[in-house]
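Listed below, chain by chain, are the residues.
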Amino acid sequence: MQLGGKGANLAEMASIGLSVPPGFTVSTEACQQYQAQKAMPAGLWDEILAALTWVEGNMGAVLGAPRRPLLLSVRSGAAVSLPGMMDTVLNLGLNDHVVAGLAHRSGERFAYDSYRRFLDMFGNVVRIITYILFFVFYKYLYILVYLLIYLLVLFHVSVVYIHVILFSFLNR
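Remember, it's a predicted structure, so these values are computed and weren't measured experimentally.

## Regarding helix α5 (residues 108–125)
Point 1. Across its 18 residues, α5 extends 25 Å between first and last C-alpha, which sits within 8% of the 26 Å expected from 1.5 Å per residue.
Point 2. For α5, the full list of buried residues reads Ala111, Ser114, Tyr115, Phe118, Asp120, Gly123 and Val125.

## Brief notes about helix α3 (residues 44–59)
Point 1. With 16 residues, α3 should reach 22 Å at 1.5 Å per residue; the first-to-last C-alpha distance of 22 Å fits that figure.
Point 2. Of all the residues in α3, the buried ones are Leu44, Ile48, Ala51, Leu52, Val55 and Glu56. Seen along its axis, α3 keeps its buried residues to an arc of 140°; they face one direction. The exposed residues of α3 that point more than 90 degrees off its buried face are Asp46, Glu47, Thr53 and Gly57.
Point 3. For α3, the secondary structure elements touched by its buried residues are α2 (28–37) and β1 (72–74).
Point 4. Gly60 sits one or two positions beyond α3 and adopts a positive phi of about 65°.

## Brief notes about unusual backbone geometry
Point 1. In this model, Lys38 sits at a positive phi of 60°, which is unusual for a non-glycine residue.
Point 2. As for its placement among the helices and strands, Lys38 is situated in the loop between α2 and α3.
Point 3. The backbone of Asn91 shows a phi angle near 65°, a positive value even though the residue is not glycine.
Point 4. Inspection of the secondary structure assignment puts Asn91 in strand β2 (residues 89–92).

## Considering the side chain of Thr88
Point 1. Locating Thr88 in the fold gives a position in the loop between β1 and β2.
Point 2. Of the polar contacts made by the side chain of Thr88, one reaches the side chain of Arg75; its length is 3.3 Å.
Point 3. Thr88 has contacts with Lys6, Ser73, Val74, Arg75, Met121 and Val125, leaving out every residue within four places of it along the chain.

## Thoughts on the packing of aromatic side chains
Point 1. Inspection of the entire model under this criterion finds 1 aromatic pair.
Point 2. Aromatic side chains Phe118 and Phe122 sit 5.7 Å apart centroid to centroid with 40° between the ring planes, which places their arrangement in the tilted category. Here Phe122 and Phe118 lie together in helix α5, a separation of 4 residues that amounts to about one turn.

## Regarding the environment of Glu47
Point 1. With respect to the helices and strands, the residue Glu47 is situated in helix α3.
Point 2. Glu47 sits in the exposed class, given a relative accessible area of 54%.
Point 3. For the pair formed by Glu47 and Val26, sequence separation is 21 residues and the distance between their alpha carbons is 9.3 Å.

Quick notes on the rules
- Residues numbered from 1 in each chain as written.
- Predicted model: local features only at pLDDT ≥ 70, side-chain atom pairs only at ≥ 80, totals over all residues.
- Heavy atoms only, no water.
- Helix = DSSP H or I, 4+ residues; strand = E, 2+ residues; numbered from the N terminus.
- Expected span 1.5 Å × (residues − 1).
- Buried < 20%, exposed > 50% of the residue type's maximum accessible area, 1.4 Å probe, protein only.
- Arc of directions from axis to C-beta.
- Contact = heavy atoms within 4.5 Å.
- Polar contact = N/O pair within 3.5 Å; in protein donor to acceptor, adjacent residues only side chain to side chain.
- Phe/Tyr/Trp six-rings, centres within 6.5 Å; stacked < 30°, edge-to-face > 60°.

So this is what it looks like as structure tokens:
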């Protein structure tokens, strides 16, 4: 089995007894077969599910569970790779329900920043949405919120009413 650079390095560190979090690697051959066939090789999905179950058992966490979520790091690395070919996607496993559970366990700032980073990385790496589009969206969202506050204050709308509007807008 041929492993990419990152997978091979992690396997080597684990084999010499260094502390490496549990994980699994999809071989380079499986990736090449997927690209050639435009479909997963036979049995690969079952192997991935078995490996995921093993990781969940070792970590005492479950992918998609709000109370004890398993968050994965997906890394790419071919046997011979060029820098920047594909970046890492961190925090795979976060969604609207899981992030609420993580916020309860670890604090809102950490949880929602992790979720923002996941969306940014997933958008950039998987969906090819550049960082600048995320940045522009956030920038305009802030401008719209401040403009809304300015207009409401200008027209002497109650501060309580402003809070209700912002709270319902930002928690959608």
